[in-house]
Amino acid sequence: MKKNDKLENLGKITRRQFVGAIGLVGTAMFVGGKTNIAQAALPKKWEKQADVIVLGLGATGAAAAIEAHDNGAKVVILEKMPMAGGNTALSGGIIYAANTSVQKSAGISDSVDGMYKFWMTYNNDLLNQDMLKTVCYESAEIIEWLKKLGVEFPPNLLYFSGVEEEYDSVTPAVKRGHCAKDRGKGLMSVLMKAISARKIEILYETAGERLIVDANGEVVGVQARRKGKVVNVKAVKGVVIATGGFTRNNEMVTSYFPLQRTAVPVTAPGLTGDGILMAEKIGSPIVDTGTVELPPSLPALEITPGKKAIMFSSGYFLYKHPCIFVNETGKRFCNETAYYQVVSPLLLRQKSAFIIFDDKVKKTVGAAMGYGFSEDLKSEIAGGYLKQAPTVGELAKLLGIDAANLEKTVSDFNTNVGSGKDPEFGRKKALGALSTAPFYGGKLTVAVVESFGGLKINTKSQVLDAFNEPIPRLYAGGAVTACLRAYPASGAFLVNCFVFGRIAGKNVAGEKQKTK
């Protein structure tokens, strides 16, 4: 073979050939730019062994563990927090799905192709078609699987959980937001009962630190830390990463979503990107963080600047009752009732932003205004994060807003909505006058509920390396993966979690056992 032929063929080399040629440590150095020699050495002692190790116990981890068990594997779950649930337990418990038995019982006609077309169009055709089709075509089965486990999806709670109606010219708008009874807590409660019934072992307060890889590049276990001590857990068949996103990792958020660095995470405290970083160290690149849209986030009332926020019960308060958003100049900057994924980026681009509403709204909505609100708002006012004043002008002074501009903004809004119009931003919902004193206002922030980007997987839930080839015996699903680029509707993350969590569990259980 000529020298040039060798150079040409080098571009066609596979991951396995590359590992064999230069060794595992060299691969880590070449792909990830980070060398960790300890990854090439197997531990002298394994403290625990199972067929399958699942890292994380939210929706993805639960689905993977149950499916792996039901396919004959002995499973151990490593959860770094002292309790299960993660973001799933904090969520609205919504699953985005098409052509389901729940829809049919409500007299709703839907098609998987319609769901696929809407989701793909919303993402500007940038999603992997095979991956999205897998989600769409498996979504109805996820609903049935959860129902068999004991989850209830009341048909009367079906709703348009995204911007389906705005894409009605592309594909008919259909209610695909399936709300689990008792929301995220109810969802996790059923999953935990299923795990308990199967006697699947869970090691709480056990944080995965790195993946253990043998000389062939196969993932054979996990090095974890439990109560301050290193614990090496052997995976006879493989590992499933289900550790969620990285909303609680300030460095990663700042690097991948700089606009969102001032937003407030209202997510599970354990979401620090552990699984993503562990896989990156053995050659799996982080992809799709340069998304076309901010990760799921919504307007929220700021309590402690940069630290704490109260999320509004947006579906009830913001979208169904008169209120306006203004910046520090006292001017509106958006259609306040638009999909929260549209409003949040506009809010973050303001120097400061505020919500304004009147006493009529306050008395009508009460505690339903937001998560954790008091019925009469006295505690919120006493806490200083809601201001109350007898006039709009005085409210502006309390909030540090240009008073003359705010008075004009409210006056113009009231005049326009009196004729059922919003010429400035085309708002069509909650067009009511803000005219009943006293008036209320508070400073707004953005509450982050999830992150975009992560590990790249295929339709088998196998984690891929920089050569786009599967890393042997390593699987992942849910928010730890690059499953979304833009968020089309509430429930999109959870359906991904369940679809690829189940696929990962089934496929890892089907791996041949490592004999050494």
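Refer to the structure presented above.
Quick caveat, the model's predicted, so the values are computed rather than measured.

Visitor: What am I meant to see in the overall build of the protein here?
Guide: Secondary structure assignment for the protein yields 18 helices and 19 strands. When each of the 516 residues of the protein is scored for burial, the buried share is 55%. Taking as baseline every contact in the protein between residues at least 6 positions apart, the subset at least 24 positions apart corresponds to 74%. Total accessible area on the protein is roughly 22,000 Å²; 51% of this is exposed by carbon and sulfur atoms.

Visitor: Could you clarify how one ought to interpret helix α17 (residues 403-418) in this entry?
Guide: Note on helix geometry: an α-helix contains 3.6 residues per turn, so any two residues three or four positions apart are oriented the same way. Here α17 is 16 residues long and its end C-alpha atoms lie 23 Å apart, about the 22 Å a rise of 1.5 Å per residue gives. Buried residues in α17 make contact with β13 (324-327), β14 (353-358) and α16 (392-399). One or two residues past the end of α17 sits Gly420, with phi positive at roughly 75°.

Visitor: Sorry if this is basic, but what is going on with the packing of helix α8 (residues 129-149) against helix α18 (residues 492-509) here?
Guide: When two helices pack together, their arrangement is given by the angle between the helix axes and the distance between those axes. Relative orientation of the contacting elements α8 and α18 amounts to 90°, with a least axis distance of 8 Å. With respect to each other, α8 and α18 are oriented roughly perpendicular. On the side of α8, the interface is formed by Met131, Thr134, Val135, Glu138, Ser139, Glu141, Ile142, Trp145 and Leu146, while α18 contributes Val495, Asn496, Phe498, Val499, Phe500, Arg502 and Ile503. Grouping the constituent residues of the contact of α8 with α18 by class yields 10 nonpolar, 3 polar and 3 charged.

Visitor: For this particular structure, what's the right way to read α8?
Guide: With 21 residues, α8 extends 30 Å from end C-alpha to end C-alpha; this agrees with the ideal 30 Å at 1.5 Å per step. Approximately 45° is the largest bend angle found in α8, and it occurs at Ser139. One side-chain oxygen at the N-terminal end of α8 lies 3.0 Å from the backbone nitrogen of Asp130; it belongs to Asn128. Following α8 by one or two positions, Gly150 has its phi on the positive side, about 125°.

Visitor: Looking at this structure, I do not really get the environment of Cys179. What am I missing?
Guide: You can see Cys179 is positioned in strand β4 (residues 177-179). Residue Cys179 is classed as buried on the basis of its relative accessible area of 3%. For the pair formed by Cys179 and Gly93, sequence separation is 86 residues and the distance between their alpha carbons is 5.7 Å.

Visitor: Just checking my understanding: could you explain the environment of Leu395 for this structure?
Guide: Within the fold, Leu395 resides in helix α16. In this structure Leu395 comes out as buried when scored by relative accessible area, which is 0%. Sequence spacing of Leu395 and Glu407 is 12 residues, and the spatial spacing of their C-alpha atoms is 9.8 Å.

Visitor: Can you help me understand the nonpolar core in this one?
Guide: Generally speaking, nonpolar side chains in soluble globular proteins are found buried as a group. Ranked by size, the top nonpolar core spans 107 residues in total, and within it Ile95, Trp119, Leu146, Leu211, Leu474 and Phe498 carry the most contacts. Looking at this core element by element, the count peaks at 12 residues for α18. Contacts of Ile95, omitting those with residues within four sequence positions, involve Ile142, Ile143, Leu146, Phe153, Arg176, Gly177, His178, Leu187, Gly491, Leu494, Val495 and Phe498.

Visitor: Would you mind showing me how to read the packing of helix α4 (residues 59-70) against helix α9 (residues 183-197) here?
Guide: Two elements in contact, α4 and α9, have axes separated by 10 Å at closest approach and are oriented at 30°. Put simply, α4 runs roughly parallel to α9. In the crossing of α4 with α9, the sense of the turn from one axis to the other is left-handed. Contact residues: Ala59, Ala62 and Ile66 in α4; Met188, Leu191, Ala194 and Ile195 in α9. Looking at the contact of α4 with α9 residue by residue, the classes come out as 7 nonpolar, no polar and no charged.

Visitor: Looking at this model, I keep getting lost on the layout of surface pockets. Mind explaining?
Guide: Summary: where empty space remains is shown by rolling a probe the size of a single water molecule over the atoms. Roughly 300 Å³ of volume is contained in the second largest pocket. Around the second largest pocket sit 18 residues that line it, and Asn128, Met131, Asp288, Ala482 and Cys483 are the ones nearest its centre. When residues of the lining of the second largest pocket are traced back to their parent elements, those giving at least two are α8 and α18. Residue contributions to the lining of the second largest pocket peak at 3 residues, all from α8. Along the lines of polarity and charge, the residues of the lining of the second largest pocket split into 12 nonpolar, 3 polar and 3 charged.

Visitor: What is the right way to look at the state of the cysteines in this model?
Guide: Working definition: the covalent bond between the sulfur atoms of two cysteines is a disulfide. One pass over the full model with this rule turns up 0 disulfides. For the unlinked cysteine Cys334, the closest cysteine sulfur is that of Cys323, found at 9.3 Å. In this structure Cys334 comes out as buried when scored by relative accessible area, which is 2%.

Visitor: How do you make sense of the packing of aromatic side chains when you look at a structure like this?
Guide: Two measures describe an aromatic ring pair: the distance that separates the ring centres and the angle between the ring planes. Taken as a whole and assessed by the stated rule, the structure comprises 12 aromatic pairs. Their ring planes at 25° and their centres at 6.1 Å tell us that Phe452 and Phe493 sit as a pair that is stacked. On the criterion of sequence distance, the pair formed by Phe452 in the loop between β16 (439-448) and β17 (454-455) and Phe493 in helix α18 is long-range, its members being 41 residues apart. By the ring-pair criterion, three or more aromatic residues cluster together here, those being Tyr96, Phe118, Trp119, Tyr122 and Tyr167. When the ring centre of Tyr116 is taken as reference, the NZ or CZ atom of Lys133 above it lies at 5.6 Å.

Visitor: When you look at the pattern of salt bridges in this model, what are you seeing that I'm missing?
Guide: Summed over the entire model, instances satisfying the criterion amount to 16 salt bridges. One salt bridge in this structure joins Lys80 and Asp274, with 2.9 Å as the shortest N-O distance. Remark: Asp274 occurs in helix α11 (residues 274-280) and Lys80 occurs in the loop between β2 (75-79) and α5 (86-90); sequence separation between them is 194 residues. Linked by salt bridges that have partners in common, Arg332, Glu336, Asp422 and Arg427 make up one network.

Visitor: Would you explain the pairing of strand β11 (residues 297-304) in this entry?
Guide: Remark: a regular strand shows side chains that alternate across the two faces of the sheet. Here β11 lies mainly inside the structure; 6 of its 8 residues are buried. Two strands pair when backbone bridges link them, and β11 and β16 are joined in this way by 5 bridges, in the antiparallel orientation. Looking at β16, one finds that Ser297 is bridged to Val448.

How each quantity is defined
- Residues numbered from 1 in each chain as written.
- Predicted model: local features only at pLDDT ≥ 70, side-chain atom pairs only at ≥ 80, totals over all residues.
- Heavy atoms only, no water.
- Helix = DSSP H or I, 4+ residues; strand = E, 2+ residues; numbered from the N terminus.
- Buried < 20%, exposed > 50% of the residue type's maximum accessible area, 1.4 Å probe, protein only.
- Contact = heavy atoms within 4.5 Å.
- Areas by Shrake-Rupley, 256 points an atom, 1.4 Å probe, with all protein chains shown as cover.
- Expected span 1.5 Å × (residues − 1).
- Axes fitted to C-alpha atoms, helices over the stretch in contact; angles between N-to-C directions.
- Parallel < 35°, antiparallel > 145°, perpendicular 65-115°, else oblique.
- Nonpolar A, V, L, I, M, F, W, Y, C, P; charged D, E, K, R; others polar.
- Bend = angle between axes of the 7 residues up to and from the residue.
- Polar contact = N/O pair within 3.5 Å; in protein donor to acceptor, adjacent residues only side chain to side chain.
- Core = buried A, V, L, I, M, F, W, Y, C linked by side-chain atoms within 4.5 Å.
- Left-handed = near helix turned anticlockwise from the far one by under 90°.
- 1 Å grid on protein atoms, 1.4 Å probe; cavity = no way out; pocket = protein on both sides within 12 Å on 5 of 7 lines; lining within 4 Å.
- Points joined across faces, edges and corners; volume = space filled by probe spheres on them.
- Disulfide = S-S within 2.5 Å.
- Phe/Tyr/Trp six-rings, centres within 6.5 Å; stacked < 30°, edge-to-face > 60°.
- Lys NZ or Arg CZ within 6 Å of the ring centre and 35° of its normal.
- Salt bridge = Lys/Arg side-chain N within 4 Å of Asp/Glu carboxyl O.
- Pairing = 2+ DSSP bridges.

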